[in-house]
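Summary of the model geometry
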Amino acid sequence: MGDEKPARAPGEGGRFWRWAYRYLAGPAEVQGAVYGGSTEAREGWKRDLENRKRYSREQRERKRAAREARRGDG
């Protein structure tokens, strides 16, 4: 009874699978991910980031204008 191994989650492999994951598949490296890839990919990433920033600025301005409008009505 005291020699029981801890139960593994379904899909968790043994020693070989842990080794294979660590050394063959492993987690993706993210160092330099923004600057890696093609020029088109970098430019697309930059455009997407700027669009997200612009959208956030517009949303903040809308919220600010709504607050100002409510203060003016009260």
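Look up: the structure comes first, before these words.
Now for a description of the structure that goes with this document. The structure displayed is predicted, hence computed values, not measured ones.

When helices and strands are tallied, the chain shows 2 helices and 0 strands. Counting across all 74 residues of the chain, residues that qualify as buried make up 4%. Only carbon and sulfur atoms are counted for the fraction: they give 53% of the accessible area of the chain, which is about 7,500 Å².

Tallying each qualifying case throughout the model produces 6 salt bridges. Residue Glu68 pairs with Arg71 through a salt bridge whose shortest N-O separation is 3.3 Å. You can see Glu68 and its partner Arg71 sitting in helix α2 (residues 39-73), 3 residues apart, about one turn around the helix. For Glu68, a relative accessible area of 46% puts it in the partly exposed group.

With that out of the way, let us pick up a nonpolar patch on the surface. Nonpolar side chains collect at one region of the surface, where Phe16, Trp17, Trp19, Tyr23 and Leu24 lie side by side and expose about 680 Å² of accessible area between them. Relative to the helices and strands, Leu24 is located in helix α1 (residues 15-25).

The rules we used
Residues numbered from 1 in each chain as written. Predicted model: local features only at pLDDT ≥ 70, side-chain atom pairs only at ≥ 80, totals over all residues. Heavy atoms only, no water. Helix = DSSP H or I, 4+ residues; strand = E, 2+ residues; numbered from the N terminus. Buried < 20%, exposed > 50% of the residue type's maximum accessible area, 1.4 Å probe, protein only. Areas by Shrake-Rupley, 256 points an atom, 1.4 Å probe, with all protein chains shown as cover. Salt bridge = Lys/Arg side-chain N within 4 Å of Asp/Glu carboxyl O. Patch = residues over 30% accessible without salt bridge, like charges linked within 9 Å, V, L, I, M, F, W, Y side chains within 5 Å.

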